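Tertiary structure, described
Listed below, chain by chain, are the residues.
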Number of protein chains: 2
Amino acid sequence: MNSLTIALDVMGGDKGPLVTLTAAIFAVKKVPNLHLLLCGDEKIITETLLAHQISQHNQLTLIPTTEVVAMDEKPSSALRTKRNSSMRKAIDLVEQGKAQACVSAGNTGALFAMAHCILKTLPGVERPALISSLPTHDENKHVFMLDLGANVFCEANILYQFGLMGSVMAEQVDGITKPRVALLNMGEEDIKGSDHIKLAATKLSDNDQINYVGFIEGNDIFTNKTDVIVCDGFVGNVALKTCEGVAQLVYRKLHKFLSEHFFARIIGKILAPALKKLFKSMNPDQYNGASLIGLRGIVVKSHGNAGSKAFEAAIFEAMKEVENQVPEKIKLALEQGLIEQPLTE
Amino acid sequence: MNSLTIALDVMGGDKGPLVTLTAAIFAVKKVPNLHLLLCGDEKIITETLLAHQISQHNQLTLIPTTEVVAMDEKPSSALRTKRNSSMRKAIDLVEQGKAQACVSAGNTGALFAMAHCILKTLPGVERPALISSLPTHDENKHVFMLDLGANVFCEANILYQFGLMGSVMAEQVDGITKPRVALLNMGEEDIKGSDHIKLAATKLSDNDQINYVGFIEGNDIFTNKTDVIVCDGFVGNVALKTCEGVAQLVYRKLHKFLSEHFFARIIGKILAPALKKLFKSMNPDQYNGASLIGLRGIVVKSHGNAGSKAFEAAIFEAMKEVENQVPEKIKLALEQGLIEQPLTE
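Each residue is numbered by its place in its chain's sequence as written, counting from 1. Chain letters and ligand numbers both follow the written order, the letters beginning at A and the numbers at 1. The predicted origin of the model limits local features to residues at a pLDDT of at least 70 and limits the giving and counting of side-chain atom pairs to 80 or more, whereas totals for whole chains, interfaces and linings rest on all residues. Note that the side-chain values use all heavy atoms of the structure and ignore hydrogens as well as water.

Let me state the cut-off plainly: UniProt positions are given in the numbering used here, feature names are shortened, and annotations may be inferred rather than shown by experiment.
As recorded by an unreviewed UniProt entry, chain A carries the name Phosphate acyltransferase and is attributed to Thalassotalea profundi. In its Catalytic activity (unreviewed entry) section, the UniProt record describing chain A reads: "a fatty acyl-[ACP] + phosphate = an acyl phosphate + holo-[ACP]". Looking at chain A in UniProt, the text filed under Sequence similarities (unreviewed entry) is "Belongs to the PlsX family."

Quick look at the pattern of salt bridges
Residue and element names in this part refer to chain A. Defined as follows: Here, a salt bridge means any Lys or Arg side-chain nitrogen found within 4 Å of an Asp or Glu carboxyl oxygen. Partly exposed describes any residue whose relative accessible area lies between the buried limit of under 20% and the exposed limit of over 50%, with all areas from a 1.4 Å probe on protein chains only and scaled to the type maximum.
Within this structure, the stated rule accounts for 16 salt bridges over all chains. Between lysine 225 and aspartate 220 there is a salt bridge, and its shortest N-O distance comes to 2.9 Å. A relative accessible area of 44% means that lysine 225 is categorised as partly exposed. Classification of aspartate 220 by relative accessible area gives buried; the value is 8%.

Concerning the sheet that holds strand β10 (residues 290-293) of chain B
Residues and elements named next belong to chain B. The test is simple: Two strands form a pair only when DSSP identifies at least two bridges running between them. Comment: elements are numbered from the N terminus, with helices defined as DSSP H or I runs of at least four residues and strands as E runs of at least two. To obtain each axis, a line is fitted to C-alpha atoms, and for helices this fit is confined to the stretch in contact; angles are then taken between N-to-C directions over 0 to 180 degrees.
With mixed pairing, the 11 strands of this open sheet are ordered in space as β3-β2-β1-β4-β11-β10-β5-β6-β9-β7-β8. Looking at which strands have only one partner, the edges of the open sheet turn out to be β3 (60-64) and β8 (211-216). With direction set aside, neighbouring strand axes in the sheet form an average angle of 25 degrees. Relative to strand β6 (residues 142-146), strand β5 (residues 129-135) runs antiparallel, the two being bridged by 5 bridges. Paired with leucine 134 across the bridge in β6 is valine 143.

A closer look at the interface of chain A and chain B
Applied cut-off: In what follows, residue pairs with any heavy atoms lying within 4.5 Å of each other are defined as contacts. By buried area we mean how much accessible surface two parts lose on assembly, using a 1.4 Å probe and totalling the loss over both. Under this definition, polar contacts are N or O atom pairs within 3.5 Å; protein pairs additionally need one hydrogen-donor-capable and one acceptor-capable atom, and for neighbouring residues in sequence, both atoms have to be side-chain atoms.
Taken together, the 51 residues of chain A in the interface contact 51 residues of chain B. Taken together, the two surfaces of chain A and chain B that pack against each other cover about 4900 Å², and 78% of this comes from carbon and sulfur. Together, Met186, Phe234 and Lys253 of chain A form the three largest contributors to the area buried by chain A at its contact with chain B, with a combined 14%. The tally of links from chain A across to chain B stands at 2 salt bridges. Among the ionic pairs, glutamate 217 of chain A bridges to lysine 241 of chain B, the shortest N-O distance being 2.3 Å. Across the contact surface, chain A and chain B share 6 residue pairs in polar contact (both at pLDDT 80 or more). Of all the secondary-structure elements, those providing two or more residues to the side of chain A that touches chain B are α8 (233-260) and α9 (262-281) of chain A. At 22 residues, α8 of chain A tops the list of elements feeding residues into the side of chain A that touches chain B.

A closer look at the relation of the copies chain A and chain B
Threshold: Least squares is the method for superposing the copies, and the C-alpha atoms it fits come from residues with pLDDT of at least 70 in both.
Relative to chain B, chain A is turned by 180 degrees and slid 0.0 Å along the rotation axis, the superposed coordinates differing by an RMSD of 0.0 Å. On the angle and the small slide along the axis, the relation comes out as a two-fold axis. By residue overlap, the copies meet face to face through one surface: 100% of the interface positions of chain A are interface positions in chain B.

Quick notes on empty space enclosed by the protein
Empty space among the atoms can be located by rolling a probe the size of a water molecule over them. All names here are of chain A. The criterion, for reference: Only protein atoms enter the calculation, which uses a 1 Å grid: trapped sets of points that fit a 1.4 Å probe without letting it out are cavities, open sets showing protein on both sides within 12 Å along at least five of seven lines are pockets, and any residue with an atom within 4 Å of a point is a lining residue. Grid points are joined across faces, edges and corners, and a volume is the space filled by probe spheres set on the points. Under the grouping applied here, Gly and all other residues not named as nonpolar or charged are polar, the nonpolar ones being Ala, Val, Leu, Ile, Met, Phe, Trp, Tyr, Cys and Pro and the charged ones Asp, Glu, Lys and Arg.
Inspection of the entire model under this criterion finds 4 cavities of 30 Å³ or more. A volume near 50 Å³ is recorded for the second largest cavity. Lining the second largest cavity, in full, are Leu292, Ile293, Gly294, Leu295, Gly297, Ile298, Glu321, Val326, Pro327 and Ile330. Contributions of two or more residues to the lining of the second largest cavity are made by β10 (290-293) and α12 (326-340). Looking at the lining of the second largest cavity element by element, the count peaks at 3 residues for α12. Here the residues of the lining of the second largest cavity are counted per class, giving 7 nonpolar, 2 polar and 1 charged.

Points about the sheet that holds strand β2 (residues 34-40) of chain A
Strand pairing within a sheet occurs via backbone hydrogen bonds; the two strands may be parallel or antiparallel. Residues and elements named next belong to chain A. The 11 strands lie next to each other as β3-β2-β1-β4-β11-β10-β5-β6-β9-β7-β8, forming an open sheet whose pairing is mixed. Bordering the open sheet on either side are β3 (60-64) and β8 (211-216), each of which pairs with just one other strand. Each adjacent strand pair in this sheet contributes to an overall mean axis angle of 25 degrees, direction not counted. Direction of pairing for strand β7 (residues 180-184) relative to β8: parallel, over a ladder of 5 bridges. Bridged to alanine 182 within β8 is glycine 214.

Quick word on the packing of helix α1 (residues 17-30) of chain B against helix α11 (residues 308-323) of chain B
Residues and elements named next belong to chain B. Our working rule: An angle counts as roughly parallel when it lies under 35 degrees, as roughly antiparallel when it exceeds 145, as roughly perpendicular when it falls between 65 and 115, and as oblique in every other case. For a crossing to be left-handed, the near helix must be turned anticlockwise from the far one by less than a right angle; the clockwise case is right-handed.
Their axes nearest at 8 Å, the elements α1 and α11 cross at an angle of 55 degrees. Classified by the angle their axes make, α1 and α11 are oblique. Here the hand of the crossing between α1 and α11 comes out right-handed. Between α1 and α11, the residues in contact are Val19, Thr20, Thr22, Ala23, Ala24, Phe26, Ala27 and Lys30 and Ser308, Phe311, Glu312, Ile315 and Phe316, respectively. Split into classes, the residues belonging to the contact of α1 with α11 amount to 8 nonpolar, 3 polar and 2 charged.

Here it is as structure tokens:
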């Protein structure tokens, strides 16, 4: 069994070390060959570990840092000034080959800027993308969606590359043969949408390596019509956050409804834990990690207010990408894609 | 009591006259001063009304047309070639002053193109917008969102005008004093988003007539933080359709969950109709009409697969806009807005 080394930005996220270290402790318990590099404030980490009755652990290594990137910090300023931050250190360790991946629940913009600048994109990749999986009607299948907010606006060529990269993720991480790739649009008809989306559609359908299935609309994100959904970061971010908003709204309405009806009130109490679980699974942003792909290294982003289970899931997501050599596979797909389809507009 | 005359595109929508005429019959029963102009195929309308045992009705007038705009027809082609269609006729009647508003469940793109071309925009309005109301956590309040798909991409100036128009809708239709107006963005911080959104934010906050409250994210669409949400048509359409998709997904998961648990199965059967109603209210696109605003006339769009109740709601929405003179009020607000805030970029 090969050893797996992953660097954690311990200080990142709304709850910081309380969440990240709890997740780290559970993760190493479950995976004997996992080694975690804990980047963050020495005193806080030591004390938090001691509270868990850990003074030394052969799977946990402390990497002391002195700075923290604030959740509302401007990415450009974090990149310029926070050279000794826990986030920066975790990325540096990947760049130096000392870690195979890094995980952070910190400021998304700063993480993206640092990862982009330090790790650099793979040859042929113009922009990295934030990708995550969402639930579908079929309980055993999910759908990958990208970009979820790393890039505000994306030209046709970038959307085309996202299609290639998403296809590799679905193939490597989920083991899907010839994953179906769709573009998110405001209509299914060919005539709908902006010029750059139409051009991206042409590029994707011209590439024999890609199983491009056409446009889909927002209401079909979850209907298992596709394995990969491609859109620009603005649209993806709004769609993802809207999912979260609708799930919350339905949960509240249902809760109110269950408390107002006599029979429902009784059953509501019995079912409460199971219902809560159901709605948690509907909140993809919060309960899965998202990955920055297209870089020369693996970077997994956990939600800012993730709990320890969600952060642990992000660590496992990083492990999966290391084991499946996602960056190498994306590089390969792009090289082949570049030959088949010149990347010019 | 003043008489209200509204033109209906009887042939529009997935189910056509079956739905639209049933809605028309119910609407005139409820509102004695409502007069409906039924644009569509003479034979089909006569026969459908006869099936309802109506051979003549002083509130219903047949306006025979010979063509129908197909649901998947290209807007430009519909505009050029379908001059004697039921949709075109309904809009023509508004333009000629013979109807105070028109309602259609037909092809959105074609309706938009025809309405834009025939009715023209109000002075100062660059682009009309599709607006609808969505539910919020507070049962007695909803939120207006625009644009929902009439315009793929919108410059700052157009978003600014949408803010003004949305504010008038919330004020006139819902009677809200100083409606809160927000821009949909991928973050709440001022630094997030594209340049045109930041510029639109400056324009909106510089106008004293507008109660601009800043950026909101997708998860806050439903939390009653604002009365009006402004975005471009692509983003608005994806967000709206995503709502529909999430509601369907939750409904399915809940249904499955209720059928799998013994207690829940019993209670699920008792609660089924009420649950269905709850989820219908979560499907704003389908159960409210949307309006095309910024035009010199009132055009209400019902969902393509609307049932008769939804189409009836769209007729009542049109009545409300006529009674509150929405286009006149938008014109006034824009005239004042133009003086306070020169519309240049």
